[in-house]
Amino acid sequence: RDSPGIQLRVGSGSRLFDMSRREADIAIRTLPLSKQPPQHLIGTRLAALHMGVYVGRGHRDRLDPGRADSEARWAPFDDPELHRNLATHTRFEHLEAWGGFSSLPALVSALKHGYGVGMLPSYVGDAEPELDRLTSSPLAHLGNLWLLSHPDLRTNARLRACRKAIADAFQRHAGRFDGTGCLLYTSDAADDSL
């Protein structure tokens, strides 16, 4: 709206566009902590990626792994290796995994419907009013979100404006990414007022 000369085509999904071949001018990508953006691209770190354990609000009494009578099980992504890696960063690595979900929306829906507990980025799980983050397993900083662009476009005024607008938006909403922007559920009896 503020920059009528910029036209956006926004896509999301697991396909990585080849920025070297100009399939995209700007990309927001998640990279593990052990990786940096490719050297042939300009990279700006936007936010830390924190993952937490979430449960459907209507199912937390039954599925909270911190309760002795819990029926807790993992509702994982459909990549077993990814699930094992994520689970090692929780206090619930021992839980059995049930099924597999191929996308964040599918996993969020499964958690809302009580299929189990699951690992989600805090910016996804905290934004869902039907989900609670379990504080009995702390957030895990597993990666970073990066804004990437091709170096040939460094001086392009429209793309500079777009990169700045994206970075400013992430800064304004930092609490969504660091896990401080939500009301949490804890199984501790002293915190039942939450």
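All values derive from a computational prediction rather than experimental measurement.

Each value, and the rule that gives it
- Residues numbered from 1 in each chain as written.
- Predicted model: local features only at pLDDT ≥ 70, side-chain atom pairs only at ≥ 80, totals over all residues.
- Heavy atoms only, no water.
- Helix = DSSP H or I, 4+ residues; strand = E, 2+ residues; numbered from the N terminus.
- Buried < 20%, exposed > 50% of the residue type's maximum accessible area, 1.4 Å probe, protein only.
- Contact = heavy atoms within 4.5 Å.
- Arc of directions from axis to C-beta.
- Polar contact = N/O pair within 3.5 Å; in protein donor to acceptor, adjacent residues only side chain to side chain.

(A) Structural detail: the overall build of the chain. A tally of helices and strands in the chain yields six helices and five strands. Of the regular secondary structure in the chain, the N- to C-terminal order runs β-β-α-α-α-β-α-β-β-α-α. Residue burial in the chain is summarised as follows: out of 194 residues, 38% are buried. By sequence separation, contacts in the chain at least 24 residues apart represent 72% of the contacts at least 6 residues apart.

(B) The arrangement of the environment of Leu 63 in detail. Within the secondary structure, Leu 63 is located in helix α1 (residues 60-63). Expressed as a C-alpha distance, the spacing of Leu 63 and Arg 73, which sit 10 residues apart in the sequence, is 7.4 Å. Those residues in contact with Leu 63 that lie beyond four places of it in its chain are Val 55, Ser 70, Glu 71, Ala 72, Gly 114, Gly 116 and Val 117.

(C) Focus on helix α2 (residues 80-87). Listed in full, the buried residues belonging to α2 are His 83, Leu 86 and Ala 87. Angularly, the buried residues of α2 cover 95 degrees about the axis, an arc narrow enough to put them on a single face. Exposed residues on α2 whose side chains face more than 90 degrees from its buried face are Glu 81 and Arg 84. Contacts made by the buried residues of α2 are with β2 (42-56), β3 (118-121) and β5 (140-149). A distance of 3.0 Å separates the backbone nitrogen of Glu 81 from a side-chain oxygen at the start of α2, and that oxygen is part of Asp 79.

Purely geometric numbers; function is a separate question.
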